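# A closer look at the structure
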Amino acid sequence: MKKDTDQVRNAEREASIMLNHAVALSQAANSGTDADKIQALDSNLKLWVEVETTLKDAKNLLPTDIKDNLLKLSKYVERLTLSKGVRMSKSDFDTLVNINMQISEGLVEAVKHSLAREEAFSLLKCAIDLSSAKENKNTAELVNALDNNMKLWVYIKTLASSEKNKLPKETKTNLIKLADYVSNKTIEVGKNVNEINDKALDSMIMTNLQISEGLMSSRN
């Protein structure tokens, strides 16, 4: 779960760096000083080379289409910078500035959407595990499925309760209520885990499926 938070923080930090370079490029383009232009262009080029290296890392969890588009942009920035250098027109500088600003905004959103997809799949997997344990009437499987589902919902409640979470207040309130509901149902089932409580389990499974679908819908 900590890895998810780290991914968002890293994306926010990278977005801030991208934005700072956009500002530097804009200032250099308007100053008319070759030394300023060289410094801004060189710094921006190094940034995009670093971005390209990060994108090629197997641990990078951005969607494939996003990574492919960023790699193409990286190559474009490299070609434009190396071919023209300080001979760039104001329009060329504006192009680099706009690219950085758009990517700065898109980086965080892309990561957050990717995490939403992962959370949706986690909810779906827990729903499947609960359903399988119920159908098989397997107590050991059910205990494990309940435990994993409970941990997931504790995590969701923690996120929803965070002041930094930008979800609408109503959505956060509903998620917290659902987390409490799942907690109560888990306790209810766990009191007599050997007697499969079909009604309670079906309710928990449906809750997971609905929230999973909602996360994927908001991502799309």
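Numbers given for residues are sequential positions, taken from 1 along each chain in its written order. Only residues with pLDDT of at least 70 are given local features in this predicted model, and only at 80 or more are side-chain atom pairs given and counted; all residues enter the totals for whole chains, interfaces and linings. Here the side-chain values reflect all heavy atoms present in the structure, with hydrogen atoms and water set aside.

### Some details on the overall build of the chain
On a plain count of helices and strands, the chain comes out with 7 helices and 0 strands. For the purposes of this entry, the term helix denotes a DSSP run of H or I that reaches at least four residues, the term strand denotes a run of E that reaches at least two, and both are numbered from the N terminus. In sequence order, the secondary structure elements of the chain are arranged as α-α-α-α-α-α-α. A total of 220 residues make up the chain; the buried ones form 37% of that total. Taking as baseline every contact in the chain between residues at least 6 positions apart, the subset at least 24 positions apart corresponds to 68%. All accessibility values rest on the Shrake-Rupley procedure with a 1.4 Å probe; residue burial counts only the protein chains present in the view. Carbon and sulfur atoms make up 53% of the accessible area of the chain, which amounts to about 12,900 Å² in all. Burial classes follow relative accessibility: with a 1.4 Å probe on protein chains only, a residue under 20% of its type's maximum area counts as buried, one over 50% as exposed, and anything between as partly exposed. Any two residues whose heavy atoms approach within 4.5 Å at even a single point are treated as in contact.

### Examining the nonpolar core
As used here, the term nonpolar core means buried Ala, Val, Leu, Ile, Met, Phe, Trp, Tyr and Cys residues forming a set that is joined through side-chain atoms within 4.5 Å. Within the largest apolar cluster, 22 residues are counted, with the highest numbers of intra-cluster contacts made by L130, L142, L146, W153, V189, L201 and M204. Elements supplying a minimum of two residues to this core: helix 4 (90-136), helix 5 (139-161), helix 6 (169-190) and helix 7 (198-219). Top element by residues in this core is helix 5. It accounts for 7 residues. Leave out the neighbours within four places in its chain, and L130 touches L142, A145, L146, N149, L201, M204 and I205.

### Things to note about helix 2 (residues 34-55)
One fewer than the residue count of a helix, multiplied by 1.5 Å, yields its expected span. Compared with an ideal rise of 1.5 Å per residue, which puts 22 residues at 32 Å, helix 2 spans 31 Å between its outermost C-alpha atoms and is within 8% of the ideal. Residues of helix 2 that are buried: K37, A40, L41, N44, L45, L47, W48, V51, E52 and L55. What you see down the axis of helix 2 is that its buried residues fit within an arc of 165°, all on one side. Facing away from the buried side of helix 2, by more than 90 degrees, are the exposed residues A35, Q39, K46, E50 and T53. Arc, as used here, means the arc of the directions from the helix axis to the C-beta atoms.

### Quick word on the environment of V189
Mapped onto the elements of the fold, V189 is located in helix 6. When sequence neighbours within four positions are dropped, the list of residues in contact with V189 reads L142, L146, N197, A200, L201 and M204.

### Overview of a nonpolar patch on the surface
Judged by side-chain polarity, F121, L124, I128, M206 and L209 come together as a nonpolar surface patch covering roughly 440 Å² of accessible area. Secondary structure elements with two or more residues in the nonpolar patch: helix 4 and helix 7. On the basis of relative accessibility, which here comes to 33%, the residue L209 falls in the partly exposed class. Here a patch means residues that are over 30% exposed by relative accessible area and free of salt bridges, tied together within 9 Å if like-charged and within 5 Å if nonpolar (Val, Leu, Ile, Met, Phe, Trp, Tyr). What counts as a salt bridge is simple: a side-chain nitrogen of Lys or Arg found within 4 Å of a carboxyl oxygen of Asp or Glu.

### Some thoughts on the side chain of H21
In this fold, H21 is placed in helix 1 (residues 2-31). The class for H21 is buried, based on a relative accessible area of 17%. Residue contacts for H21: discarding those within four places in its chain leaves S43, N44, L47 and N100.

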